[in-house]
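Listed below, chain by chain, are the residues.
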Amino acid sequence: MRSHDLTPGRMIGVTFDHGEDFFTALADVCRVNGIRHGYIPVFIAGFSTVEIVGTCQRLDDPQAPVWDRVQLTNVEALGGGTIAYDDTHDRIAPHIHVSVGLKEHSATGHTSHLLAATVQFLTEMLIIEVAAPVMRRIPEASLYDVPLLRIGDT
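Throughout this document, residue positions are counted from 1 along each chain, in the order its sequence is written. Note on the predicted model: pLDDT of at least 70 is required for a residue's local features to be given, and 80 or more for side-chain atom pairs to be given and counted; whole-chain, interface and lining totals, by contrast, use all residues. By convention in this description, side-chain values take in all heavy atoms of the structure and omit both hydrogens and water.

### Observations regarding the pattern of salt bridges
Phase 1: The salt bridge definition used is simple: a Lys or Arg side-chain nitrogen within 4 Å of an Asp or Glu carboxyl oxygen. One pass over the full model with this rule turns up eight salt bridges.
Phase 2: Taking the shortest distance from any N to any O, the salt bridge between Asp-28 and Arg-31 comes out at 3.0 Å. In this pair, Asp-28 and Arg-31 both sit in helix α1 (residues 22–33), three residues apart, roughly one turn of the helix.
Phase 3: Three exposure classes are used, based on accessible area relative to the maximum for each residue type with a 1.4 Å probe and protein chains only: buried under 20%, partly exposed in between, and exposed over 50%. On the basis of relative accessibility, which here comes to 31%, the residue Asp-28 falls in the partly exposed class.
Phase 4: Here Glu-76 ties to Lys-103 by a salt bridge, and the two come within 3.2 Å at their closest N and O atoms. Taken together, the positions of Glu-76 in strand β3 (residues 69–86) and Lys-103 in the loop between β4 (91–102) and β5 (108–132) put the pair 27 residues apart, joining distant regions of the chain. What counts as a helix is a DSSP run of H or I of at least four residues, what counts as a strand is a run of E of at least two, and both are numbered from the N terminus.

Structural data, given as structure tokens:
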């Protein structure tokens, strides 16, 4: 376990427009507002399409991360996550999880890591900037190269 004092920066309220790609819009709002590090305490969204981590296959190694994706349509979503910065590629490295409900199936729910989404009607979000220290994602070789959040120099 590692913990760090975070120096909060600005709080940015943002709404995404119908038809926008979720991750493109998130990258755009961070670029326009100069946000490299932060967290998203919560957001609400409608998505016409969404891809989340999941599988219906038996897992050979239940401890390993799942890299397959499940594609869903016409969902309501509640999510949150963190924003780190990838200096190598000069872009944000968000890590977002969502719980989504399939509207036409009694709001049947799915929860996982968000891989892709297209906004349907709206996404309303708060982004809390972290002014210091820096936040990065570093692949951890001993854990299947999962990119783990590192805060500060650790």
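Having seen it, we continue.
### Comments concerning the packing of aromatic side chains
Phase 1: Each Phe, Tyr or Trp ring (for Trp, its six-membered ring) is paired with any other whose centre lies within 6.5 Å, and the angle between the two planes then decides the class: stacked below 30 degrees, edge-to-face above 60, tilted in between. Evaluated as defined, the whole model comprises four aromatic pairs.
Phase 2: Relative to Phe-43, the ring of Phe-22 lies with its centre 5.3 Å away and its plane at 35 degrees, an arrangement referred to as tilted. Separated by 21 residues along the polypeptide, Phe-22 in helix α1 and Phe-43 in strand β2 (residues 38–53) bring together distant segments of the chain.
Phase 3: Chaining the aromatic ring pairs together yields one cluster made of Phe-16, Phe-22, Phe-23, Phe-43 and Phe-47.
Phase 4: Ring-over charges, as used throughout, are those where CZ of Arg or NZ of Lys falls within 6 Å of the ring centre and within 35 degrees of the ring normal. Lying over the aromatic face of Tyr-85, Arg-36 brings its terminal NZ or CZ to 4.0 Å of the ring centre.

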